[in-house]
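Structural description and commentary
The residues making up each chain are set out below.
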Amino acid sequence: MMTAPMRNQINRHKLLTELTSVNAWIQKTRALRPKDAATIMLIDRSSAELRVLMGKRSNKHAFMPSVFVFPGGRRDRNDWRLPVSKPLHQDVLELLLRDTHKRFSPKTAQALANAAARELGEETGLFLNDDKNGYDLSKIRYFARAITPIGQNRRFDTRFFVCFCDEMGLNTSKMQDSDELSELMWVNINNPGSLPLPDITRTVLGELNAALHKAPNLPFRNPVISFKGDRKDYFIK
């Protein structure tokens with residue numbers, strides 16, 4: 001027969017085991033360094049309503065499955081090697097170099113823009129190419145940055161870029177679904193409706209809507225919004 005002291009000892013052991021597991025999980029997530037990522041908000045202003053291209057992520061994704069997002073993804077190791085026909089605007093390059101670690105260089109900044117352009121092509125069939133000589137990055141704006149909060153199973157340091165279809169001369173009829181993004185659609189920036197959007201996507205979309213109302217052409221040296229955890233800053237001006 002189990003006595004009260006024996007039960008108390010077993011309960012204490014279980015509690016210590018659970019606390020140890022929780023502590024190990026906290027330490028692991030704190031140590032999880034965010035991976036560089038980039039996404040692009042491609043804007044269609046051919047009608048009275050400003051629209052942005054979005055697609056639905058597969059339900060097989062471990063990170064944010066079955067939600068609508070902008071085209072984008074992780075920066076690959078070789079993105080800095082991709083050919084570029086026209087480099088980033090100098091103001092955009094300077095903004096990307098702000099509030100970064102020591103090893104972050106102009107090549108890293110270009111690699112992030114290349115990643116956004118590459119993912120756009122892979123996921124939607126739309127390419128920011130200039131006569132197939134490489135990516136034309138000269139008309140891309142840097143709009144926002146968001147770092148996944150501590151505690152998530154995957155963390156990303158994502159830069160949000162903006163590009164206008166008419167400036168790039170894109171033929172949007174070539175747009176097509178992919179394994180990464182399906183149900184591609186042009187979403188009203190002012191009213192995305194009931195689409196299932198991640199919180200950060202909906203927040204950035206709202207900020208973009210406000211910025212476009214103030215400056216429809218979105219200057220290259222615009223304030224860049226930073227989201228770190230629950231904190232929001234206009235850290236670059």
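Details of the structure are given in the entry above.
Just so it is clear, the model here is predicted, and its values are computed rather than measured.

The next point concerns the pattern of salt bridges. Scanning all chains against the criterion turns up 18 salt bridges. One salt bridge in this structure joins Asp 76 and Arg 118, with 3.3 Å as the shortest N-O distance. With Asp 76 in the loop between strand S4 (72–74) and strand S5 (84–86) and Arg 118 in helix H3 (residues 106–124), the pair connects residues that are 42 residues apart, well separated along the chain. Look at Asp 76 and you get partly exposed, because its relative accessible area is 36%. On the accessibility criterion, Arg 118 (10% relative accessible area) is buried. Across the pair Arg 118 and Glu 119 runs a salt bridge whose closest N-O atoms are separated by 3.2 Å. A cluster of three or more residues bridged by salt bridges with shared partners is formed by Asp 36, Arg 75, Asp 99, Arg 145, Asp 157, Arg 159 and Lys 228.

With that settled, the discussion passes to the nonpolar core. Membership of the largest hydrophobic core comes to 34 residues, with the highest contact counts inside it found for Ile 40, Leu 42, Leu 128 and Phe 161. Among the secondary structure elements, those contributing two or more residues to this core are strand S1 (35–44), helix H2 (90–96), H3, strand S8 (156–164), helix H4 (165–168) and strand S9 (181–188). At seven residues, H3 tops the list of elements feeding residues into this core. Among all residues touching Leu 128, those that are not within four sequence positions of it are Ile 40, Ala 117, Leu 120, Gly 134, Tyr 135, Asp 136, Ile 140, Cys 163, Met 168 and Leu 170.

By volume, the second largest pocket amounts to about 510 Å³. Arg 33, Asp 36, Arg 75, His 101 and Thr 108 are the residues nearest the centre of the second largest pocket, which is lined by 18 residues in total. Broken down by secondary-structure element, the contributors of at least two residues to the lining of the second largest pocket are S1, H3 and S8. Tallied by class, residues from the lining of the second largest pocket come to four nonpolar, three polar and 11 charged.

A few words on the environment of Thr 100. Among the structural elements, Thr 100 can be located in the loop between H2 and H3. Thr 100 sits in the partly exposed class, given a relative accessible area of 26%. The contacts of Thr 100, once residues within four sequence positions are left out, are Arg 145 and Arg 159. One polar contact links the side chain of Thr 100 to the main-chain carbonyl oxygen of Leu 97, over a distance of 2.9 Å.

Evaluated as defined, the whole model comprises two aromatic pairs. Where Phe 70 meets Phe 160, the ring centres are 6.4 Å apart and the plane angle is 85 degrees; that geometry is what we call edge-to-face. Residue Phe 70 is located in the loop between strand S3 (68–69) and S4, and its partner Phe 160 is located in strand S8; the two are separated by 90 residues in the primary sequence. Positioned above the aromatic ring of Phe 164 is the side chain of Arg 45, whose terminal nitrogen or guanidinium carbon lies 3.8 Å from the ring centre.

Turning our attention to the side chain of Asp 44. Relative to the helices and strands, Asp 44 resides in strand S1. A residue is classified by how much of its surface remains accessible, and Asp 44, at 10% relative accessible area, is buried. There is a polar contact of 2.8 Å between the side chain of Asp 44 and the side chain of Ser 46. At a separation of 2.4 Å, a polar atom in the side chain of Asp 44 contacts the side chain of Arg 51.

The rules behind each value
Residues numbered from 1 in each chain as written. Predicted model: local features only at pLDDT ≥ 70, side-chain atom pairs only at ≥ 80, totals over all residues. Heavy atoms only, no water. Salt bridge = Lys/Arg side-chain N within 4 Å of Asp/Glu carboxyl O. Helix = DSSP H or I, 4+ residues; strand = E, 2+ residues; numbered from the N terminus. Buried < 20%, exposed > 50% of the residue type's maximum accessible area, 1.4 Å probe, protein only. Core = buried A, V, L, I, M, F, W, Y, C linked by side-chain atoms within 4.5 Å. Contact = heavy atoms within 4.5 Å. 1 Å grid on protein atoms, 1.4 Å probe; cavity = no way out; pocket = protein on both sides within 12 Å on 5 of 7 lines; lining within 4 Å. Points joined across faces, edges and corners; volume = space filled by probe spheres on them. Nonpolar A, V, L, I, M, F, W, Y, C, P; charged D, E, K, R; others polar. Polar contact = N/O pair within 3.5 Å; in protein donor to acceptor, adjacent residues only side chain to side chain. Phe/Tyr/Trp six-rings, centres within 6.5 Å; stacked < 30°, edge-to-face > 60°. Lys NZ or Arg CZ within 6 Å of the ring centre and 35° of its normal.

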